[in-house]
Amino acid sequence: MAAIYSLYIINKSGGLIFYKDYGSSGRMDTNDSLRVASLWHSMHAISQQLSPVSGCLGIELLEADTFDLHCFQSLTGTKFFVVSEPGTQHMDGLLKVIYELYTDYVLKNPFYEMEMPIRCELFDINLTQAIQKDRVVLLGR
């Protein structure tokens, strides 16, 4: 069964603006999620500078024994990353759907201030639906 453990959204300066935990075990507290987001932002920036390939956009996939970390960076520098079960496929498509939800429900919200934590009920509802739909698609394969 393919599982998505958690979702992070980091602003261009490295601040955690959204975190959602979908795992049932090993839940992190707020400080740990802030540390993970900050660490990922730093690793992503360093990888861009150290890459031997010109025009490198940073780390897009980090594979470990117990999880995979998939990352999508928007043109504005906002990073979306999903921690999932090892070997989970098609996460790049899910990250693009999440980005579309972000642009539709967060950025178009007149009460949202850029770079601030995301508190948008419509975004939460549609995100939950997209994650559930993705799980159903992955289980059906």
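Just above, that's the structure.
Residue positions are given per chain, counting from 1 as you read along its sequence in written order. Only residues with pLDDT of at least 70 get local features here, since the model is predicted, and only at 80 or more are side-chain atom pairs given and counted; chain-wide, interface and lining totals rely on the full set of residues. As a rule here, side-chain values come from all non-hydrogen atoms in the structure, and water together with hydrogens is ignored.

## With respect to the nonpolar core
Reasoning step 1: What we call a nonpolar core is a set of buried Ala, Val, Leu, Ile, Met, Phe, Trp, Tyr and Cys residues that are connected through their side-chain atoms within 4.5 Å. Relative accessibility under 20% of the residue-type maximum defines a buried residue, over 50% an exposed one, and the middle range a partly exposed one, all with a 1.4 Å probe and only protein chains included. Within the largest apolar cluster, 22 residues are counted, with the highest numbers of intra-cluster contacts made by Ile98, Tyr102, Ile118, Phe123 and Leu127.
Reasoning step 2: Numbering of helices and strands runs from the N terminus, with a helix taken as a DSSP run of H or I at least four residues long and a strand as a DSSP run of E at least two residues long. Every element with two or more residues in this core is listed here: strand E1 (4-10), strand E2 (16-21), strand E5 (79-84), helix H2 (91-107) and helix H3 (121-140).
Reasoning step 3: Considering every element that reaches this core, the biggest residue donor is H2, with 7 residues.
Reasoning step 4: The contact rule is simple, with two residues in contact once any of their heavy atoms fall within 4.5 Å. Setting aside residues no more than four positions away along its own chain, isoleucine 118 makes contact with Ile9, Ile17, Phe18, Tyr102, Val106, Tyr112 and Phe123.

## With respect to the layout of surface pockets
Reasoning step 1: There is about 350 Å³ of room inside the largest pocket.
Reasoning step 2: Think of a 1 Å grid over just the protein atoms. A cavity is a set of points where a 1.4 Å probe fits yet cannot get out, a pocket is an open set with protein on both sides within 12 Å along at least five of seven lines, and lining residues have an atom within 4 Å of a point. Surrounding the largest pocket, 17 residues form its lining, Glu60, Cys71, Phe72, Gln73 and Asp92 being those nearest its centre.
Reasoning step 3: Secondary-structure elements contributing two or more residues to the lining of the largest pocket are helix H1 (30-50), strand E4 (68-73) and H2.
Reasoning step 4: Along the lines of polarity and charge, the residues of the lining of the largest pocket split into 8 nonpolar, 6 polar and 3 charged. Grid points are joined across faces, edges and corners, and a volume is the space filled by probe spheres set on the points. When residue character is reported, Ala, Val, Leu, Ile, Met, Phe, Trp, Tyr, Cys and Pro are called nonpolar, Asp, Glu, Lys and Arg charged, and the others, Gly included, polar.

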